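# A closer look at the structure
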Amino acid sequence: MTDLRLPHLYDRVSRIIPAPDWMLFEDDIAAILDLKREKNAVILAHNYQTPEIFHGVADIVGDSLALARKAVEVDAEVIVLAGVHFMAETAKLLNPGKTVLIPDTQAGCSLADSITAEDIALLREAHPGVPVVTYVNTSAAVKAASDICCTSGNAVRVVESLGVPKVLMIPDEYLARNVARETGVEIVAWKGRCEVHELFTAEEVRGLRESWPGVTVLAHPECPPEVVAEADFSGSTAVMSDFVGTRKPARVVLLTECSMSDNVALDHPDVEFIRPCNLCPHMKRISLRNIREALEQGRHEVSVDPAIADDARRAVERMLAV
Ligand code: 13P
Ligand code: SF4
């Protein structure tokens, strides 16, 4: 332990990251900490980032809603978004005057890829007058074609805030069906799926309960409705994390991306985590090395087409006001 350069940071992750692995990270972590000061930069990291990023270099962590909210409050000149492209685009929409960097431009999302602005125009034609509620996991062009955005953390509130009997909710079919069940609002869905959460099954949940008696099952609302129905509780990544912190279940399983359990488990050593592991290949494109390169080289700068930026921002800001 005395050989470590950053022992105070290692203390936070030592239960998950073996010391020899950590030593391979230290050079990049030390460089990133210096670069942040030098460039007046902050790192916003999603809950699915690996522990050496989440606990090692991030300034602000959270779910999509928290990252969007906190992006508005950031005082630095440069924001590095350790997450996927739509999150960086949302940060840029809310901070048009700041430099927003994404360490890997290929960090996409199966939901964002499932729908275009032209698809929304066709949906509006088929359902005249029905408001379009768009999940933040979409491109700025799709947001611009929408009435209001939502995240998994506020989808129910956003739909209820509209006070209408029917909405179009795109692109996540499962989120839409889960919200329909909670709100009683008629929801027209799209066929988008999260490639990570669609893999969970109700049978798997029943198997987990059999193998791990007493386990509390928390499911992300991007999971299929029959999985959410088998779970004890459903909520965004931040809501799941809060549930663990406040309710302190003795044994818990988070039906969501793999790194999330690592990050939450580090904050709650007294809770036993059962870990089925589904990785998001897009989130996993972000590494300490490419965060360091992003800061060193000022790449890859995120921009939003000025022709759609105002409309997209309006849909996001309308959500933040709910
Ligand atoms: P949260 O907003 O719950 O963090 O979800 C984002 C996401 O990409 C889930 O797969
Ligand atoms: Fe998209 Fe699913 Fe990955 Fe989240 S976990 S970024 S919804 S593919």
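What counts as what
- Residues numbered from 1 in each chain as written.
- Chains lettered and ligands numbered in written order.
- Predicted model: local features only at pLDDT ≥ 70, side-chain atom pairs only at ≥ 80, totals over all residues.
- Heavy atoms only, no water.
- UniProt positions renumbered as here; feature names shortened; annotations may be inferred.
- Helix = DSSP H or I, 4+ residues; strand = E, 2+ residues; numbered from the N terminus.
- Buried < 20%, exposed > 50% of the residue type's maximum accessible area, 1.4 Å probe, protein only.
- Contact = heavy atoms within 4.5 Å.
- Pairing = 2+ DSSP bridges.
- Axes fitted to C-alpha atoms, helices over the stretch in contact; angles between N-to-C directions.
- Near = heavy atom within 4 Å.
- Polar contact = N/O pair within 3.5 Å; in protein donor to acceptor, adjacent residues only side chain to side chain.
- Areas by Shrake-Rupley, 256 points an atom, 1.4 Å probe, with all protein chains shown as cover.
- Phe/Tyr/Trp six-rings, centres within 6.5 Å; stacked < 30°, edge-to-face > 60°.

As recorded in an unreviewed UniProt entry, the chain goes by Quinolinate synthase and comes from Pontibaca methylaminivorans. A UniProt comment under Subcellular location (unreviewed entry) is attached to the chain, and it reads "Cytoplasm".

Our focus in this paragraph is the UniProt feature "binding site: [4Fe-4S] cluster" (unreviewed entry) in the chain. With numbering matched to this structure, UniProt assigns "binding site: [4Fe-4S] cluster" (unreviewed entry) to C109, C194 and C280. Maximum C-alpha separation among the annotated residues is 9.2 Å over a sequence range of 172 residues, consistent with a single clustered spot. Position of C194 among the secondary structure elements: in the loop between β8 (186-189) and α10 (202-211). Under the relative-accessibility criterion, C194 is labelled buried at 9%. Those residues within four positions of C194 in sequence are excluded, and the remaining contacts are S110, L111 and E222. You can see C280 is positioned in the loop between β12 (272-274) and α14 (288-297). A relative accessible area of 10% places C280 in the buried class. Among all residues touching C280, those that are not within four sequence positions of it are V196 and E257.

Now for the sheet that holds strand β2 (residues 60-62). Where strands meet in a sheet, backbone hydrogen bonds hold them as pairs that are either parallel or antiparallel. The sheet built from 4 strands is open, its strands ordered β2-β1-β3-β4 with parallel pairing. Unpaired on one side and paired on the other, β2 and β4 (99-101) mark the two borders of the sheet. Going from strand to strand, the sheet's axes swing by 20° on average, the running direction of each strand aside. Across 3 bridges, the pairing between strand β1 (residues 41-46) and β2 is parallel. Bridge pairing in β2 links H46 to G62.

Turning our attention to the pairing of strand β9 (residues 216-219). Note on strand geometry: in a regular strand, side chains alternate between the two faces of the sheet. Neither face of β9 is exposed, since T216 and L218 on one face and V217 and A219 on the opposite face are all buried. Inspection of the sheet shows β9 paired to strand β11 (residues 251-255) by 4 bridges, in the parallel sense. If you follow T216 over to β11, its bridge partner there is V252. Relative to strand β10 (residues 233-234), β9 runs parallel, the two sharing 2 bridges. When the bridges of β10 are listed, L218 appears paired with F233.

Locating F54 in the fold gives a position in helix α3 (residues 51-54). Not counting chain neighbours up to four residues away, the residues in contact with F54 comprise H46, N47, Q49, V61 and N263.

In this fold, K70 is placed in helix α4 (residues 64-73). Residue K70 is classed as partly exposed on the basis of its relative accessible area, which comes to 34%. It is 29 Å that separates the C-alpha atoms of K70 and C277, two residues lying 207 residues apart in sequence.

Around ligand 1, the structure places H46, Y48, D63, S64, N137, S152, H197, H220, E222, S236 and T237. Within the side chain of S64, a nitrogen or oxygen atom sits 2.7 Å from an oxygen atom of ligand 1. H220 is positioned such that a nitrogen or oxygen atom in its side chain is 2.7 Å from an oxygen atom of ligand 1. Here ligand 1 has 300 Å² of accessible area as a free molecule, and 96% of this is covered by the chains.

On inspection of all chains with the given rule, the structure shows 2 aromatic pairs. Seen in terms of ring centroids, Y10 and W22 are 5.4 Å apart; in terms of plane orientation they differ by 40°. Their pairing is tilted. Of this pair, Y10 sits in helix α1 (residues 7-13) while W22 sits in helix α2 (residues 19-39); the two residues are 12 residues apart in sequence, bridging distant segments of the chain. For the residue pair Y10 and W22, the accessibility class agrees, reading buried in each case.

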